[in-house]
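Chain by chain, the residues run as shown.
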Amino acid sequence: MIKLLRSFEFSISEIKDVLSVCKSIDDLYYVLREKQEMIKQYILGEKKRMKN
């Protein structure tokens, strides 16, 4: 699982949190969706910054 999370650009700290929180596949799904949303927001912010 650590290799998978690193391939998704999770930091060591984030991996530690995931491993301590995720007790089921549903927990992991939630964490991955949350990470996906964070990345989307980061990209939107960068796009706005580049326009200015």
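Details of the structure are given in the entry above.
Predicted model, so just to flag it, every value in this text is computed and none were measured. (Residues numbered from 1 in each chain as written. Predicted model: local features only at pLDDT ≥ 70, side-chain atom pairs only at ≥ 80, totals over all residues. Heavy atoms only, no water.)

### Description of the overall build of the protein chain
Then comes step 1: Across its full length, the protein chain carries 3 helices and 0 strands.
Then comes step 2: Overall, the protein chain shows an N-to-C arrangement of helices and strands of α-α-α.
Then comes step 3: For 52 residues, the compact-globule formula gives about 10 Å, and the C-alpha radius of gyration of the protein chain, at 13 Å, lies well above that figure.
Then comes step 4: Expressed as lengths along the three principal axes of its C-alpha atoms, the size of the protein chain is roughly 45 × 20 × 15 Å.
Then comes step 5: For the protein chain, buried positions account for 15% of its 52 residues.
Then comes step 6: Counting only carbon and sulfur atoms, one obtains 60% of the accessible surface of the protein chain, whose full area is about 4,700 Å².
Then comes step 7: Between the centroid of the 11 positive side chains of the protein chain and the centroid of its 8 negative side chains there is a distance of 6 Å. (Helix = DSSP H or I, 4+ residues; strand = E, 2+ residues; numbered from the N terminus. Rg over C-alpha atoms; globule rule 2.2 N^0.38 Å. Buried < 20%, exposed > 50% of the residue type's maximum accessible area, 1.4 Å probe, protein only. Areas by Shrake-Rupley, 256 points an atom, 1.4 Å probe, with all protein chains shown as cover. Lys, Arg positive; Asp, Glu negative; His and termini not counted. Charge placed at Lys NZ, Arg CZ, Asp CG, Glu CD.)

### Quick word on the pattern of salt bridges
Then comes step 1: Taken as a whole, this structure holds 2 salt bridges when the rule is applied.
Then comes step 2: Between Glu 14 and Lys 35 there is a salt bridge, and its shortest N-O distance comes to 3.0 Å. Note that Glu 14 is positioned in helix α2 (residues 12-21) and Lys 35 in helix α3 (residues 25-51), a separation of 21 residues in sequence.
Then comes step 3: Relative accessible area serves as the criterion here: at 12%, Lys 35 is assigned to the buried category. (Salt bridge = Lys/Arg side-chain N within 4 Å of Asp/Glu carboxyl O.)

### Here's the deal with the nonpolar core
Then comes step 1: Counting 7 residues, the largest nonpolar core consists of Leu 5, Phe 10, Ile 15, Val 18, Cys 22, Leu 28 and Val 31.
Then comes step 2: Mapped onto this core, the elements with two or more residues apiece are α2 and α3. (Core = buried A, V, L, I, M, F, W, Y, C linked by side-chain atoms within 4.5 Å.)

### Quick look at the environment of Arg 49
Then comes step 1: Tracing the backbone through its elements, the reader meets Arg 49 in helix α3.
Then comes step 2: Within the structure, the side chain of Arg 49 is placed 2.8 Å from the side chain of Glu 46, a separation counted as a polar contact. (Polar contact = N/O pair within 3.5 Å; in protein donor to acceptor, adjacent residues only side chain to side chain.)

### Observations concerning the environment of Ser 20
Then comes step 1: Its place among the elements puts Ser 20 in helix α2.
Then comes step 2: You can call Ser 20 partly exposed: its relative accessible area is 47%.
Then comes step 3: A polar atom in the side chain of Ser 20 sits 2.9 Å from the backbone oxygen of Asp 17.

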